[in-house]
Structures are given as structure tokens and as C-alpha cells.
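Geometric and topological summary
The chain contents come next:
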Amino acid sequence: MQRRLAARNRPMDVPSVAPWRTYFIRRRPLRNTRARRISVSMIRPHYLEALDRLGVLPELAAFDPHVVGTPPLGLDLPASDIDVVCFAPDPDGFTRAVWNAFGTHTEFRMWQRIAHDRPVVASFAGAGWTIELFGQASPVSEQYGWRHFLLEQRLLALGTSVFRDAVMAQRSNGMKTEPAFAALLGLVGDPYQALLSLEACSDTDLTALLVDKGFK
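Now for a look at the structure at hand. Note that this is a predicted model, so its numbers are computed, not measured.

Things to note about the overall build of the protein chain
When helices and strands are counted, the protein chain shows 11 helices and 6 strands. For the protein chain, with 216 residues in total, the buried portion stands at 44%. The contacts of the protein chain with a sequence gap of at least 6 include a subset with a gap of at least 24, amounting to 64%. Of the roughly 11,100 Å² that the protein chain leaves accessible, carbon and sulfur atoms contribute 53%.

Let's talk about the packing of aromatic side chains
Inspection of the entire model under this criterion finds 6 aromatic pairs. Centroid distance Trp99 to Phe108: 5.4 Å. Interplanar angle 80 degrees. Geometry classified as edge-to-face. Ring geometry for Phe102 versus Phe124: centroids 4.8 Å apart, planes at 10 degrees, classification stacked. A residue pair is termed long-range when its members are at least 10 positions apart, and Phe102 in helix α6 (residues 91-102) and Phe124 in strand β5 (residues 120-126) qualify at 22 residues.

Some thoughts on the environment of Ala101
Along the chain, Ala101 falls in helix α6. Classification of Ala101 by relative accessible area gives partly exposed; the value is 22%. Between the C-alpha atoms of Ala101 and Leu60, which are 41 residues apart in sequence, the distance is 8.8 Å.

A short note on helix α11 (residues 203-212)
One turn of the α-helix equals 3.6 residues, which is why residues spaced by three or four share an orientation. Along α11, the positions that sit buried rather than exposed are Leu206, Leu209 and Leu210. Along the axis of α11, the buried residues cluster in a sector spanning 100 degrees; they form a single face. Those residues of α11 that are exposed and aimed more than 90 degrees away from the buried face are Thr204 and Asp212. The inward-facing, buried residues of α11 contact α7 (144-158) and α8 (161-172). Where α11 terminates, the next one or two residues include Gly214, which has phi positive at roughly 85 degrees.

Let's talk about the packing of α7 against α11
Where α7 meets α11, the closest approach of the two axes is 10 Å, and the angle between their N-to-C directions is 65 degrees. Our pair here, α7 against α11, has a crossing hand that is right-handed. Across the interface between the two elements, Leu151, Arg154, Leu155 and Leu158 from α7 touch Asp203, Leu206, Thr207 and Leu210 from α11. Per-class residue counts for the contact of α7 with α11 are 5 nonpolar, 1 polar and 2 charged.

Some points on the packing of α7 against helix α9 (residues 177-184)
At a closest axis distance of 11 Å, the pairing of α7 and α9 adopts a crossing angle of 45 degrees. On the basis of their axis angle, the class for α7 and α9 is oblique. Of the two elements, α7 crosses α9, and the hand of that crossing is left-handed. Contacts from His148, Glu152, Leu155 and Leu156 of α7 reach α9 at Thr177, Glu178 and Phe181.

A word on the pattern of salt bridges
A side chain with one charge may pair with a side chain of the opposite charge, provided their charged atoms come close. Applying the stated rule across the entire model yields 4 salt bridges. Close ionic contact of Arg154 with Asp203 constitutes a salt bridge, the shortest N to O distance being 2.8 Å. Pair noted here: Arg154 is in helix α7 and Asp203 is in helix α11, with a separation of 49 residues, a long-range link. Overall, the relative accessible area of 25% leaves Arg154 in the partly exposed class. Given the relative accessible area of 42%, Asp203 is considered partly exposed. Its salt-bridge partner being Asp212, residue Lys213 comes within 3.8 Å of it at the nearest N-O pair. Residue classification places Lys213 among the partly exposed positions, given a relative accessible area of 34%.

Considerations on the side chain of Ser80
Position of Ser80 relative to the elements: it lies in the loop between α5 (70-73) and β3 (82-87). Classification of Ser80 by relative accessible area gives buried; the value is 8%. Polar side-chain contacts of Ser80 include one of 3.3 Å to the side chain of Arg171. Excluding its chain neighbours within four sequence positions, the residues that come into contact with Ser80 are Arg44, Thr70, Trp129 and Arg171.

Rules and cut-offs
- Residues numbered from 1 in each chain as written.
- Predicted model: local features only at pLDDT ≥ 70, side-chain atom pairs only at ≥ 80, totals over all residues.
- Heavy atoms only, no water.
- Helix = DSSP H or I, 4+ residues; strand = E, 2+ residues; numbered from the N terminus.
- Buried < 20%, exposed > 50% of the residue type's maximum accessible area, 1.4 Å probe, protein only.
- Contact = heavy atoms within 4.5 Å.
- Areas by Shrake-Rupley, 256 points an atom, 1.4 Å probe, with all protein chains shown as cover.
- Phe/Tyr/Trp six-rings, centres within 6.5 Å; stacked < 30°, edge-to-face > 60°.
- Arc of directions from axis to C-beta.
- Axes fitted to C-alpha atoms, helices over the stretch in contact; angles between N-to-C directions.
- Left-handed = near helix turned anticlockwise from the far one by under 90°.
- Nonpolar A, V, L, I, M, F, W, Y, C, P; charged D, E, K, R; others polar.
- Parallel < 35°, antiparallel > 145°, perpendicular 65-115°, else oblique.
- Salt bridge = Lys/Arg side-chain N within 4 Å of Asp/Glu carboxyl O.
- Polar contact = N/O pair within 3.5 Å; in protein donor to acceptor, adjacent residues only side chain to side chain.

Purely spatial values, then, with no claim about function.
Structure below.
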């Protein structure tokens, strides 16, 4: 607790990654966040327009930013975020760039995960959306978020509207995206790993799987 309080009270001009570890820094209070997201969801702009207004991709150009998640898949719900994955082999450099570009936005917060390659994650609100940035030491092409996104994009393109509607129904019932895909395709075990087992499948193989599950 003492470390956590000390980190929150230290000067924030040039934040450093290492002291955060499992906790986050926060610049604006988070009060009734979910309610605000839902209240603005009916009037918020298209996700690409929101990113353009906020200058997210130009500000992160040095980190090879790629938009992933449900908005570009057309599977977003009223409380969905816009996720941007980045290649950040220097976590301190990524931290400073994100802080300087977005640190004054409402509900800004940033933390570093301990698992895997300890990605730096930042979140803030703007243009009616919550934006989440992920900076990992691995190239974007190797990151799970990007690989899941590409596979889900293929499956949605190969499947019918029945499959898309089934995924949305699962998500509307509270299921995360990857578990929803895995459940509908009859994949067992960890849904995130199970989906990656389909990466090498040809479109013909994926179509056959969709047909077998009644979605073609």
C-alpha cells in the first residue's frame, strides 16, 4: 500500500514504467464510467472518425499502431472500446509518448502488466469512446490481439449473417469476443489458444468448419 500511495503522489512530468508494475496511475477520476459510455453510445461517431479527431494513429506512428477489436469487426456493443495495438520494444519510450500525447484526456490511466512481455496499457476517454492502447515488445504481427483479429475477420467474411448474428448474441449475453467465437465453433480448452490453432487453416478448411457448425 505504501508503494502504491508513493507512486501516485510522485511527480508525473515524465512517468517511468518500472515503479508501476501491478498498479496504475490515474489523472482523472473514474465515476460512473460505464453509465457515461452507454449514455453517449447512441451519438458517438464512427470509430475511425473518433481516432481521427483524437489524432491517435499519427501520434503513435512510431510504434506501428493497428486498430483491433470489435469496432473494426462490426461486433461492437454500446460499451465497447477502441483497441490499438503497438510495437513498443522500449516501454519507457512508449510510456512517455503516450503520456505526452494523451495524458490530459479525461479518465486517462496507464499501467504495466506483469504477464508475458509486460505490455504497457493506457486508457482514456475521447470523442464518445474509450480508447485503449497496448504497447508490447513483440512486433504487431506476432501479438495475440492482432492474430485473433485477423482470424476473426476471416471467419466473419467466410460465414453467413447467421454466424455474425450468433457471435453478437453471445456478446450481448456478456461473453467476450474470443470465447464467443470458440464456443460457436465447438473449440475446447482455452478459447484464446484454441482460436490460434485455426490460424494455419485454409479458407476452405474454415468454411468446412462453419458448415459443420451450421453457419454456411
